[in-house]
Amino acid sequence: MTLGKRGIRLTAAILLTGAVALPASAATEVRVGVYHNPPKILLDANGWPSGILGDLLHEIARENQWNLTTVPCTWHDCLVALQAGTIDILPDVAFNAERAGRFQFHRQPALRSWSQLYRHPQTTLQAITDLSGQRVAVLQDSVQETELRHLLNEFGIAAELVPVNSYDDAFALATRGEVTAAVSNRHYGELHARDAGLVPTPVVFMPARLFYAAAPQADPVLLAQIDRTLESWIDNPDSYYYSVLQAWTPLVEPQALPRWLWPLASAVSLGLLLALVASLWLRRQVRVRTQELRTSEAQLRTILESVDAAIFIKDTDLRYQYANDKVARILGRPVTEIVGHRDADWFDQETASHLEESDRAVLTSGKRIVKEDVNRIHGHSDPVIFITVKLPLRRPDGSIHGLCGISTEITEQRRLVRELQMLSHHDPLTRLPNRRQLLERLRQCLEALLEQPRAGALLLINLDHMRALNEQLGQHLGDQRLQQVAQRLAGCAGAGELAARAGGDEFALLIPDLGVAPQDAATKAGTLARHILQSLARPYDLGGNVWHGTASVGIALFSDPQEGVDDVLRHADMALSQAKAAGRNTFRLFHPDMSAMLAARTGLEADLRTAIAEEQFVLHYQPQVDDFGEITGYEAMVRWQHPRRGLLLPVHFIPFAEASDHILALGDWVLRTACRQLAQWGQSPKLNQLTLAVNLSAREVLHPDGAQHLLRIVAESGANPHRLELELTESQLIEDFEATTERLRELRTAGLRIALDDFGTGYSSLSYLKQLPLDRIKIDMSFVRDLVHDANDVAIVRTIISLAESLDLEVIAEGVESATQRDILRELGCRHFQGYWFGRPQPWHDA
Ligand code: C2E
Ligand code: MG
Ligand code: MG
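To start, this report covers the structure provided alongside it.

About the cut-offs
Residues numbered from 1 in each chain as written. Chains lettered and ligands numbered in written order. Predicted model: local features only at pLDDT ≥ 70, side-chain atom pairs only at ≥ 80, totals over all residues. Heavy atoms only, no water. Donors = N, O, S within 2.8 Å, 3.2 Å for Na, K, Ca; no water. Near = heavy atom within 4 Å. Polar contact = N/O pair within 3.5 Å; in protein donor to acceptor, adjacent residues only side chain to side chain. Areas by Shrake-Rupley, 256 points an atom, 1.4 Å probe, with all protein chains shown as cover. Core = buried A, V, L, I, M, F, W, Y, C linked by side-chain atoms within 4.5 Å. Buried < 20%, exposed > 50% of the residue type's maximum accessible area, 1.4 Å probe, protein only. Helix = DSSP H or I, 4+ residues; strand = E, 2+ residues; numbered from the N terminus. Contact = heavy atoms within 4.5 Å. Disulfide = S-S within 2.5 Å. Pairing = 2+ DSSP bridges. Axes fitted to C-alpha atoms, helices over the stretch in contact; angles between N-to-C directions. Phe/Tyr/Trp six-rings, centres within 6.5 Å; stacked < 30°, edge-to-face > 60°. Lys NZ or Arg CZ within 6 Å of the ring centre and 35° of its normal.

1. Focus on the coordination of the magnesium ion (ligand 2)
Of the protein atoms, only E635 (OE), N695 (OD1), E727 (OE) and D757 (OD) coordinate the magnesium ion (ligand 2), at distances of 2.0 to 2.2 Å. When the donors of the magnesium ion (ligand 2) are listed by position in the chain, the intervening gaps give E-x59-N-x31-E-x29-D.

Here it is in C-alpha cells:
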C-alpha cells in the first residue's frame, strides 16, 4: 500500500513539473485551497495537494495547463476564501442547495461519499433502530453529529452520542468496546476500519457528491475543463482515476464500473436509504397512531366501565367476545372468565333459551330489538330484570358478524311498580280489591260484551247504621266488623266474580256473567242479593260484643257494550238509594225509568254543538305552588257557561264531547285561549316565569293533522312553548300507545312539557312509563284525600315518589285541601302542590 501511494505521488510530481514547464502565457493561474481531510485531501510533505482529490487535481491541472498555487486553510476559512474569490477552487465540497447559491459547481461529481457506522465485530447493528439505548462515537460539532442526532430524534430513538475530536478517536473507542459504533465518512472507514478491527454496518446516512467548487467569480471554463477530464476517466476502468482511488483505498475493489452504473448504483443506494427512512418513518407513524389509539381506547374503556348498563358483544356462535365490568358484577365473575362462554354457563335453562331466542332474532333479521327480560342467574335466589337493546354488528360488506347488547337493570323499579299496583288496587283493612280495581274490572266486563253478548250485574252493598256502630263501640271494633263483612262477602262470590270494598261502609260484588236472558239475569241477581243480605245479617262478634247489623243492596244489570262504567255505577247507586228509601235490609234492581239521565244526556249533546259555535266556555285557573308556597304556574280547566243550567263542570260534558268529534273543536278553543293567556303573561316581568298546564284529551293528541296542528296554535298565540305543559291521563295514553308517544315526543322536542295526570289510578306499567317522554307526574287526588288517616295511601305516595325519582321525573300532588296533607306530602319528598288549600280554580281576573 505504501509503495503504491508513493508511486502515485511521484507521478503527480512529475506531471506537475511538466505542467509548470509549459510556457507561462499558456498556463491558467489557479489557486487551490487545501485542508486536511485524508484520504480525500491533504498537504504532502512538500506542501502540495495530495490524497484522492489532490492527486486527481494535479492530473486535471496538467491536462488543462493550469498553474496551481496551494493555499492551506482550515475547512471554514477555505469556504470563506472561496466565496471571497481569494482562492479559485476548493476540493471536497459536497453539493447542496445553499452552496449552489454561493459557489459554482461542475456537473460530474469527483467523488461520492456518505457517512457510515462502523462496529466492533462482536456487536450487532443492522439498522438505525438497533441504536436504541446504545453509545455512538461521533465527531464533535460536525455536520454528522447534527445529522445523526436529527435522524435519531426523528425516529424517536434514544441513543447516547459520545463526542470525539477525530475519526481516529472514534474508532479507538469502538475498538475498545466503549461505544457500540463509530461514525466516519466512507473513505476514512474504508481505509482504517480493518486496521482498527472494526467492520462496516449497513447504517449509512448523509449521502454526498463531492466536487471541486469554484469561486463565484472564477472563469466557468475551469469547470468545463474539470468535467471533461473527469468524464473521460470515469468511463474507463483502466484510467488514472481508478488507479488513484485504488492507491488511496486499496481495500476497496476498484470501482471499474461503466459510467451508466454510477447513477444506477447511487439511485439504488439512495433507494435503500429512502426505504430505510420510509420504514423508520412508518414505524414512527405506527407508534404515534398506536399511542392515539391507546388514548382513545382508554377513554372508551373508562366510559364502558363506568356506565351503569351491562354492555356486551357476542359472535354468531353466541359466545361473549366482550363484556364490560357491569356484566362481570352482575354475573359475579371476572370478565376473563365470561369471554368465550355462552349464556347457558351463567343462567338457568329457561333464561338461556329466551336470551338465545332474541339473540338469534337479531342475527337473522338484522334488526335492533328492545326487550324486557327476567333473568335467573345460577346461585341467585331472586331474578334480575333488564330492559335490553340488542343490535346486529356488521362487516363493511354488510354481513353480520355478531351482536351488541346494552342491558339496563330495572329490578328495583319493577318492584316499586308491583308494590304500587298492589297498594293501589287493594284495600289494606279488608284485603279486598279496592274501588279502583272494581272500576277497572267493570270496564273490562263492559268491553267484553262486544265480543260475547250476555248480561252481568253490579251489586252495591251499603252497611246500615255503620255510623252508630262506630259511635257506640269505637272505630277499632267498627273496623273489625268491616273485616268480617269482607270475609262473608268474599264467601258469597263465585269463581270469576269480584268482591270489593268500594269505600267506607260500601262494598260491591261484580258478576260478569249471568247468562244471556235479561229476565234470568235479574232473577239470579235478586237471589244472590238475598243470599248476601242473609249472610251479612248474621250477628257479628266484635271483641266479645254481639252486634246485629244489616245492609242494603242496589243492583245494576248491564248488557249494552255502549254503556260506560259511570252509567253502571250511577244505576247501581240509584237502586241502592231506593233500597235504603224502602227501609233498608233489602235490595232494589235498577230500572231505566229510575232515571231521566238518558234524556238529559241527549239534550246536552245537542246543546254542545251550539256551545262550541257560540264559544260558551270559560277557563278557570288553579295555582300550582312550590315548597316555599310560591306560585310557579296554573292549571287551566274548562267550564261550560250553559244558558239554562248555569256553570257546568267538565264531568258533565267532557265525556260527551269525547264520544263525538266535538272534543277536537273544544280542545282547540281551550288551547288557543290558554295560550293567549300565557302570551299575555309573557309580556309582564312579574308573570313571565309562570307555567300553564292544559288538559288534553288523547283524541286531540291523535289529531288527524298531527302534532303540527297543536304547535301551530301555540305559535300563532305568541306564547313561549317552554312555559306550556300538556296534561294527559294514563288511560288516555294506553289506548294507542305507540302513536300517542310519537306525537308527544314531537311536542316535547318543540319545547313543550308533558305531565301524566291522575297518576296511580291506572295500571301503571313501567315499560310504558320508561318510554313516555314525560317531565312530571301528578299524584292523583284520591291518594292525597286520605293521607291523614290511611297508612296505605301514605305508602302509595311514597312509592310513587321513589318511582318518579328513579325515572328522573318531577312530582306534583293534586287535591291538597289542608296544611296537614301538605306537610305529610312534604315529608314524603313531594315539592310541588296543587289544591283548594292553595287556591280554587277561578277565572283569571279573580285568581
Ligand atoms: P284534573 O286535570 O285532574 O283536574 C283537577 C280537578 O280537581 C279539577 O276538577 C279541579 O277543580 C279539582 N280540584 C282541584 N283542587 C282540588 C281539591 O283540593 N279538592 C278537590 N276535591 N278537587 C280539586 P274539574 O275542573 O271538575 O276537572 C275535572 C277533570 O276534567 C280534570 O281533572 C280534567 O281531567 C278534565 N278537564 C278539565 N279541563 C279540561 C279541558 O280543558 N280539556 C279536557 N280534555 N279535560 C279537562
Ligand atoms: Mg289536569
Ligand atoms: Mg288530576
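2. Let's talk about the site of ligand 1
Residues in contact with ligand 1 amount to 22 residues; listed here are only the nearest, R639, D757, M781, E817 and Y836. Contact between ligand 1 and N695: an oxygen atom at 2.8 Å from a side-chain N or O atom of the residue. The separation between an oxygen atom of ligand 1 and a polar side-chain atom of D758 is 3.1 Å. A total of 800 Å² of accessible area belongs to ligand 1 in isolation, and the protein chains cover 82% of it.

3. Considering the nonpolar core
Counting 77 residues, the largest nonpolar core has F617, L724, L747, I777 and L825 as its most contacted members. If you tally residues by element for this core, the top one is helix α22 (residues 662-682), at 11 residues. With residues near it in sequence (within four places) discarded, I777 still touches L756, F759, I800, A804, L809, E810, V811 and I812. Judged by nonpolar contacts, the second largest core, of 47 residues, contains L53, C73, A214 and W248.

4. Some words on the coordination of the magnesium ion (ligand 3)
Protein coordination of the magnesium ion (ligand 3) is provided by D757 (OD), D758 (OD), E814 (OE) and E814 (OE), with donor distances spanning 2.0 to 2.4 Å. Spacing between the donor residues of the magnesium ion (ligand 3) along their common chain follows D-D-x55-E. Classification of D757 by relative accessible area gives buried; the value is 6%. On the accessibility criterion, E814 (6% relative accessible area) is buried.

5. Topic: the state of the cysteines
All chains considered together, the criterion is met by one disulfide. The disulfide that involves C73 links it to C78, with 1.8 Å between the sulfurs. Of note, the bridge from C73 to C78 carries an S-S torsion of about 85° and is right-handed in sense. No disulfide involves C445; its nearest neighbouring cysteine sulfur is the one of C492, lying 18 Å away. A relative accessible area of 8% places C445 in the buried class.

6. Comments concerning the sheet that holds strand β12 (residues 320-323)
In space, the five strands of this open sheet follow the order β12-β11-β15-β14-β13, with antiparallel pairing throughout. The open sheet terminates on both sides in strands that have one partner only, identified here as β12 and β13 (369-375). The average undirected angle you get between the axes of adjacent strands in this sheet is 25°. Examined bridge by bridge, strand β11 (residues 310-315) and strand β15 (residues 400-409) share six bridges and lie antiparallel to one another.

7. Quick word on the side chain of T729
Position of T729 among the secondary structure elements: in strand β27 (residues 724-729). Look past the residues within four positions of T729 in its chain and what remains in contact with it is L756, D757 and D758.

8. As for the pairing of strand β8 (residues 160-164)
Here five bridges tie strand β7 (residues 135-139) to β8, and the two strands are oriented parallel to one another. Among the inter-strand pairings, A137 is bridged to a residue of β8, identified as V162.

9. Section: the packing of aromatic side chains
Summed over the entire model, instances satisfying the criterion amount to 21 aromatic pairs. Look at F617 and W640: their rings are 6.0 Å apart centre to centre, the planes differ by 45°, and that puts the pair in the tilted class. Of this pair, F617 sits in strand β23 (residues 617-625) while W640 sits in strand β24 (residues 631-642), and the two are 23 residues apart along the sequence. The exposure class of W640 is buried, given its relative accessible area of 0%. Considering the side-chain rings of F617 and W669, the 6.0 Å spacing of their centres and the 50° angle between planes classify their relative orientation as tilted. Placement of F617 in strand β23 and of W669 in helix α22 is noted, with a sequence separation of 52 residues between them. Considered together, F617 and W669 belong to a single accessibility category, that of buried residues. A network of ring pairs unites the aromatic residues Y118, Y167, F171 and Y188 as a single cluster. Positioned over the ring face of Y540 is R481, at 4.6 Å from the centre of the ring.

No statement about biological role is implied by the geometric values presented.
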